[in-house]
Amino acid sequence: MDKNFQEEFTQIIKFKPPLYKQRHQFVKDLVEKYKPKKVADLGCADCSLLRMLKFCSCIEVLAGLDICANVMKEKMHTLSPLPVDYLQPSERSLTVTLHHGSVAHKDPCMLGFDLVTCIELIEHLEESELKKFPEVVFGFMAPSIVVISTPNSEFNPLLPGVMLYRHPDHKFEWNQAQFQSWALETARCYGYSVEFTGVGQPPTGMEKAGFCTQIGVFVRKYPQTGESVQCEKPTEAVYKTVFKAVYPSLKDEKYLQNAVISEVIFTAQIIKHRLMSKHEEYGDDPERKSKFQPSMDCFSDCLGKLVVEKNMEPFVSGNEVYIPLATIFSFPKVNRLCGTFEKLCKLIAGKVTLSSDGSAVMFNIEHENEEN
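What you see is a predicted model; the values in this text were computed from it and never measured. Note on numbering: residues in each chain are counted from 1, in written sequence order. Local features are withheld for residues below a pLDDT of 70 in this predicted model, meaning they are given only at 70 or higher, and side-chain atom pairs are given and counted only at 80 or more; totals for whole chains, interfaces and linings count all residues. Only heavy atoms go into the side-chain values, all of them from the structure, while hydrogens and water stay out.

Q: So, the sheet that holds strand 5 (residues 145-151): which residues are in play, and what are the values?
A: The sheet built from eight strands is open, its strands ordered 6-7-5-4-1-2-3-8 with mixed pairing. Sheet topology places strand 6 (192-199) and strand 8 (240-246) at the edges, where each strand pairs with a single neighbour. The sheet shows a mean angle of 15° between the axes of neighbouring strands, direction not considered. Two strands pair when backbone bridges link them, and strand 5 and strand 7 (residues 213-220) are joined in this way by seven bridges, in the antiparallel orientation. Bridge pairing links Val147 to Val217 in strand 7. Throughout, a contact is declared for two residues whenever any of their heavy atoms are within 4.5 Å. An axis is simply a line fitted to the C-alpha atoms; with a helix, the fit covers only the stretch in contact. Between two such axes, the angle follows the N-to-C directions and lies from 0 to 180 degrees. Where helices and strands are cited, they refer to DSSP runs of H or I of at least four residues and of E of at least two residues respectively, numbered from the N terminus. Contacts between helix 6 (residues 127-141) and the sheet are confined to strand 1 (38-42), strand 4 (115-119), strand 5, strand 6 and strand 7, with strand 5 contributing the most and set at about 160° to the helix. When DSSP finds two or more bridges between a pair of strands, those strands are recorded as paired.

Q: Tell me about a nonpolar patch on the surface, residues and numbers included.
A: Together, Met163, Leu164 and Tyr165 give the surface a local cluster of nonpolar side chains, amounting to about 370 Å² of exposed area. Here Tyr165 is to be found in the loop between strand 5 and helix 7 (176-190). For patch detection, residues must exceed 30% relative accessible area and be free of salt bridges, and they are connected within 9 Å for like charges or within 5 Å for nonpolar side chains (Val, Leu, Ile, Met, Phe, Trp, Tyr). All accessible areas in this document rest on Shrake-Rupley with a 1.4 Å probe, and a residue is counted as covered only by the protein chains that are shown. Salt-bridge detection follows one rule: a side-chain nitrogen of Lys or Arg within 4 Å of a carboxyl oxygen of Asp or Glu.

Q: Tell me what's going on with the layout of surface pockets, and back it up with residues and numbers.
A: A cavity, in this analysis, means grid points on a 1 Å lattice covering only the protein atoms where a 1.4 Å probe fits yet has no way out; a pocket is instead an open set bounded by protein on both sides within 12 Å along at least five of seven lines, and a residue lines either one if it has an atom within 4 Å of a point. Grid points are joined across faces, edges and corners, and a volume is the space filled by probe spheres set on the points. Looking at the largest pocket, its volume works out to about 870 Å³. If you trace the largest pocket, you find 35 residues lining it, with Gly43, Ala45, Ile119, Glu120 and His124 closest to the centre. Where the lining of the largest pocket is concerned, the elements lending two or more residues are helix 2 (19-34), helix 3 (48-53) and strand 2 (61-66). Considering every element that reaches the lining of the largest pocket, the biggest residue donor is helix 2, with four residues. Gly is placed with the polar residues, together with every amino acid not listed as nonpolar (Ala, Val, Leu, Ile, Met, Phe, Trp, Tyr, Cys and Pro) or charged (Asp, Glu, Lys and Arg). Considering only residue class, the lining of the largest pocket consists of 17 nonpolar, eight polar and 10 charged. Considered as a void within the structure, the second largest pocket measures approximately 320 Å³ in volume. Taken together, 15 residues form the lining of the second largest pocket, with Leu87, Gln88, Pro89, Ala259 and Lys333 sitting closest to its centre. Counting residues per element, the ones that place at least two in the lining of the second largest pocket are helix 5 (83-87), helix 9 (253-282) and helix 13 (332-338).

Q: If you had to explain unusual backbone geometry to someone new, which residues and values would you point to?
A: Omega for the peptide link from Lys16 to Pro17 comes to -5°, which places this bond in the cis form. Its location among the elements puts Pro17 in the loop between helix 1 (3-12) and helix 2. Positive phi is not limited to glycine here, since Glu120 has a value of about 55°. Here Glu120 shows up in the loop between strand 4 and helix 6.

Q: Lay out the environment of Val219 with the relevant residues and their values.
A: Positionally, Val219 belongs in strand 7. For Val219 and Ser144, which are 75 residues apart along the polypeptide, the C-alpha to C-alpha distance reads 5.8 Å. Apart from the residues lying within four places of it in its own chain, the contact partners of Val219 are Ser144, Gly191, Tyr192 and Ser193.

Q: Before we move on, could you go through the nonpolar core and cite the residues and values that matter?
A: Note on terminology: a nonpolar core comprises buried Ala, Val, Leu, Ile, Met, Phe, Trp, Tyr and Cys residues joined through side-chain atoms within 4.5 Å. For each residue, the accessible area found with a 1.4 Å probe, counting protein chains only, is set against the maximum for its type, and the residue is called buried under 20%, exposed over 50%, and partly exposed in between. Counting residues in hydrophobic clusters, the biggest one holds 38 residues, and the most contacted among them are Val31, Leu53, Ile59, Leu98, Val147 and Phe243. Mapped onto this core, the elements with two or more residues apiece are helix 2, helix 3, strand 3 (95-100), strand 4, strand 5, strand 7 and strand 8. Here this core takes five residues from helix 2, the largest share from any one element. With near-sequence residues (within four places) excluded, Leu98 lies in contact with Cys44, Cys47, Leu50, Gly64, Met72, Met76, Leu79, Lys240, Thr241, Val242 and Phe243.

Pasting the structure below:
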């Protein structure tokens, strides 16, 4: 390839977004389509794909596996929960685990996954590992969906500087026919169908070269039975767990209680503020006070319009403001968090100041004024 030709293709073969981002986006789109709850990334390396997938709301379990523990350890802290995750726990549970080990070995911790991704992995495997790979992934793990991406060697002449392989650690790079032949045979042996696609479009006029990265999406044809899993399950773990993070979730009673208490107090404070504004406006005139019937309309701009029954109306008595729990429970966010009125009462018991009969949140105006 002469210099001018090389410089020309240097400009043409500039993927936007970068090729690795296109591969990750492909996986994310697949997740959004199939909604898997448990996803494993084999050959996770720096965990960049896992970092993207942890924001997918359908995923409850994420696992990464790599033969190089040091690479994972450098970036695994980016998979830890952030302060905001504790302040605003998600409604879903999420556990992220990283394992050190080889895809040529079976480990029971990799059973039960819906989606397994192998992004730019197989070309790094030795021949002996590649032979074991299909049995481990498709036979033993047997997820519903497997995504495998690998370089397309037919694209290499369009990449300046590529002499043999794209990376010094690659043991091979297949052309389209070689990858498809391997994938079709693997799918046939283990009861999967496979569709071929890719990312990294070739330049105009070079369409025959195919995608820069070729991708096979395998979908299991028949459900895996529990018996078939059990009979192959090894008795001992062979992978070493190097990282595990359990994210705070509203499914955990502790985090749910904190969220409910915060929301109840916030809602009650808003109602109290609006109520006191009206109360001060009418002063101590009995006739003008009688004309004031608190309604949720005055709170609609903040919390949504609600129809409130008379026994749910907030009121002031002396130095006390009472906000009925029934009113607070009517608000969508409180209702969604608790599910039932009984659950609301249970979660805030002993944590929020209530009236003597426990039917309303109570504020003492005098104490608040002293504090102010």
